[in-house]
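# A structural walkthrough
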Protein chains: 2
Amino acid sequence: MKLLEDRIRRDGVVVDEDVLKVDQFLNHQMDVGLFEEMGKEWARLFAKDNVTKILTIEASGIGIACVAAEQFGCPVIFAKKSRTKNINGEVYSTQVRSFTHGNVSTVIVSKQFLKPEDRVLLIDDFLANGAALEGLIDLVQQSGATLVGAGIAVEKAFQPGGQRIRAKGVRVESLARVKSMRGGKVEFCGADF
Amino acid sequence: MKLLEDRIRRDGVVVDEDVLKVDQFLNHQMDVGLFEEMGKEWARLFAKDNVTKILTIEASGIGIACVAAEQFGCPVIFAKKSRTKNINGEVYSTQVRSFTHGNVSTVIVSKQFLKPEDRVLLIDDFLANGAALEGLIDLVQQSGATLVGAGIAVEKAFQPGGQRIRAKGVRVESLARVKSMRGGKVEFCGADF
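Reading guide: rules and limits
- Residues numbered from 1 in each chain as written.
- Chains lettered and ligands numbered in written order.
- Predicted model: local features only at pLDDT ≥ 70, side-chain atom pairs only at ≥ 80, totals over all residues.
- Heavy atoms only, no water.
- Helix = DSSP H or I, 4+ residues; strand = E, 2+ residues; numbered from the N terminus.
- Rg over C-alpha atoms; globule rule 2.2 N^0.38 Å.
- Buried < 20%, exposed > 50% of the residue type's maximum accessible area, 1.4 Å probe, protein only.
- Contact = heavy atoms within 4.5 Å.
- Areas by Shrake-Rupley, 256 points an atom, 1.4 Å probe, with all protein chains shown as cover.
- Lys, Arg positive; Asp, Glu negative; His and termini not counted.
- Charge placed at Lys NZ, Arg CZ, Asp CG, Glu CD.
- Axes fitted to C-alpha atoms, helices over the stretch in contact; angles between N-to-C directions.
- Parallel < 35°, antiparallel > 145°, perpendicular 65-115°, else oblique.
- Left-handed = near helix turned anticlockwise from the far one by under 90°.
- Nonpolar A, V, L, I, M, F, W, Y, C, P; charged D, E, K, R; others polar.
- Least-squares fit on C-alpha atoms with pLDDT ≥ 70 in both.
- Phe/Tyr/Trp six-rings, centres within 6.5 Å; stacked < 30°, edge-to-face > 60°.
- Lys NZ or Arg CZ within 6 Å of the ring centre and 35° of its normal.
- Expected span 1.5 Å × (residues − 1).
- Arc of directions from axis to C-beta.
- Polar contact = N/O pair within 3.5 Å; in protein donor to acceptor, adjacent residues only side chain to side chain.
- Buried area = accessible area lost by both parts, 1.4 Å probe.
- Salt bridge = Lys/Arg side-chain N within 4 Å of Asp/Glu carboxyl O.

## What about the overall build of chain A?
- The helix and strand tally for chain A stands at five helices and 11 strands.
- Its C-alpha radius of gyration of 16 Å places chain A within 12% of the 16 Å reference for a compact globule of 193 residues.
- The principal-axis extents of the C-alpha atoms in chain A amount to approximately 50 × 35 × 30 Å.
- In chain A, which comprises 193 residues, the share counted as buried stands at 56%.
- A separation threshold of at least 6 residues defines the contact pool for chain A, and within that pool the share at least 24 residues apart is 60%.
- Total accessible area on chain A is roughly 8,100 Å²; 45% of this is exposed by carbon and sulfur atoms.
- Once the 26 positive and 25 negative side-chain charges of chain A are each reduced to a mean point, those two points are 3 Å apart.

Structure, rendered in structure tokens:
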């Protein structure tokens, strides 16, 4: 998606060859006008899939998922880190390793919000090692719902998550796919990558 | 706001006299159509305030804030819990006690996203003891930006946060104000409360 790639070129900060900071517009300060355009693009890509629920994971996926959901006319569920006093009853639960934070968290979704008849689109801001996305896939599989695919804002295509998850047969639509950040310069994958 | 009060009456679950679960539509599963109407109401209430930034706190405020921000045409910033490897440079920082989780967290905002010329509206899902909202107020005050006020979805008016924060001169616009939940029944404040 040219709009997002241009924005990354303009406002993204390459910290090192692995770390891309997009906190000016994506995951700390959030440009909701950009999110609207991203939502329209995913709505176009998944137009025939009758999405009934969007599932994301706290925290930085939530804003993108909610603005995108307006295009789909469906609710958003976010997988919560750890169990809080306010969640009673039965939950689906999985483990997610965070490479950014260097820890493993348990994330949960209430069983009442994911049903076998649901058709679920996953949305997240980043795909790199794929741990968060695999956690969400596990939650959907536990529920018996149909996994329609995943909409990702920025995929670091030089890290293994995207390839591994596509190899499982999951449709992954990343709006910007970063091929490399060598020398502090962001290079995107071509359409044939 | 009648739409939100009606929804709380229909789908809210009174766990005990203090705890109201609204995770069917507000803070686990999220009804973005409802969020759009809430955003329009805050945009009406703060129409003359030239809001340049909306500030919220992770996690459950983010979706509401992003959908509301579409009405204001401004970016959202969310205060992040703890410092991650991906945040470099200078931040504003404050302490927030969570009564739900029974702990104290440090929340931060990058200094580059809150400037003295900003006019900031705070958005959050709940106002009860007021700790999260006071943390956000502290962050705005540290930055020298103008605090326009706060838009809250559900205020538990029988807890002390709202009264204490209004007494400081902060404009707080809560779309549903719960007066009591005695006997498992949600009673809302009248317009004169």
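Having put the structure on the table, let's press on.
## A look at the packing of helix α3 (residues 61-72) of chain A against helix α3 (residues 61-72) of chain B
- Where α3(A) meets α3(B), the closest approach of the two axes is 8 Å, and the angle between their N-to-C directions is 50 degrees. Classed by the angle they form, the pair α3(A) and α3(B) counts as oblique. You can see that α3(A) and α3(B) cross each other, and the crossing is right-handed. Between α3(A), through A:Ile62, A:Gly63, A:Cys66, A:Val67 and A:Glu70, and α3(B), the contact on the second element is made entirely by B:Ile62, B:Gly63, B:Cys66, B:Val67 and B:Glu70.
- Its residues assigned to classes, the contact of α3(A) with α3(B) shows six nonpolar, two polar and two charged.

## Focus: the relation of the copies chain B and chain A
- Its rotation angle being 180 degrees, the transformation that places chain B on chain A also includes 0.0 Å of axial translation and leaves an RMSD of 0.0 Å. Expressed as a symmetry operation, the mapping of one chain copy onto the other fits a two-fold axis.
- Take the interface residues of chain B: 100% of them recur as interface residues in chain A, which is what a same-surface contact looks like.

## Quick look at the packing of aromatic side chains
- Across all of its chains, the model carries zero aromatic pairs over all chains by this definition.
- The ring of A:Phe46 has A:Arg171 lying over it, and the distance from NZ or CZ to the ring centre is 4.4 Å.

## Some remarks on helix α2 (residues 32-45) of chain B
Residues and elements named next belong to chain B.
- Between its first and last C-alpha atoms α2 spans 20 Å; for 14 residues at 1.5 Å apiece the expected length is 20 Å, and the two agree.
- Those residues of α2 that fall on the buried side of the exposure criterion are Val 32, Leu 34, Phe 35, Met 38, Gly 39 and Trp 42. Within α2, the buried residues cover an arc of 140 degrees as seen down the axis, which keeps them to one side.
- The opening residue of α2, the one whose side-chain oxygen lies 3.0 Å from the backbone nitrogen of Gly 33, is Asp 31.

## Quick word on the interface of chain B and chain A
- Contacts between chain B and chain A engage 41 residues on the former and 41 residues on the latter.
- Between chain B and chain A lies a buried interface of about 3,500 Å² when both sides are counted; carbon and sulfur atoms form 58% of it.
- Of all residues in chain B, B:His28, B:Gln29 and B:Met30 give up the largest surface area on contact with chain A, accounting jointly for 20% of the area buried on that side.
- Connecting chain B to chain A are zero salt bridges.
- Applying the counting criterion to the chain B and chain A interface returns 10 residue pairs in polar contact (both at pLDDT 80 or more).

## Notes on the pattern of salt bridges
- For the coordinates displayed, the defined rule picks out 32 salt bridges over all chains.
- Among the ionic pairs, A:Asp118 bridges to A:Lys53, the shortest N-O distance being 3.4 Å. With A:Asp118 in the loop between β7 (103-110) and β8 (119-127) and A:Lys53 in strand β4 (residues 53-57), this residue pair connects regions lying 65 residues apart in the sequence.
- Among the residues examined, A:Asp118 registers a relative accessible area of 8% and is labelled buried.
- Salt-bridge contacts for B:Arg171 lead to B:Glu173; the nearest nitrogen and oxygen are separated by 2.9 Å.
- Its relative accessible area of 31% is what places B:Arg171 among the partly exposed residues.
- When salt bridges that share partners are traced, they join A:Arg7, A:Arg10, A:Asp11 and A:Asp31 into one network.

## Section: the side chain of A:Thr56
- Checked against the element boundaries, A:Thr56 lands in strand β4.
- Those residues in contact with A:Thr56, other than ones at most four positions away along the chain, are A:Gly61, A:Ile62, A:Ala65, A:Val76, A:Ile77, A:Phe78, A:Ala79, A:Ile123, A:Asp124 and A:Leu136.

## Some remarks on helix α4 (residues 131-143) of chain B
- Spanning 13 residues, α4(B) covers 19 Å between terminal C-alpha atoms, matching the ideal 18 Å at 1.5 Å per step.
- Positive phi appears at B:Gly144, one or two residues downstream of α4(B), with a value of about 80 degrees.

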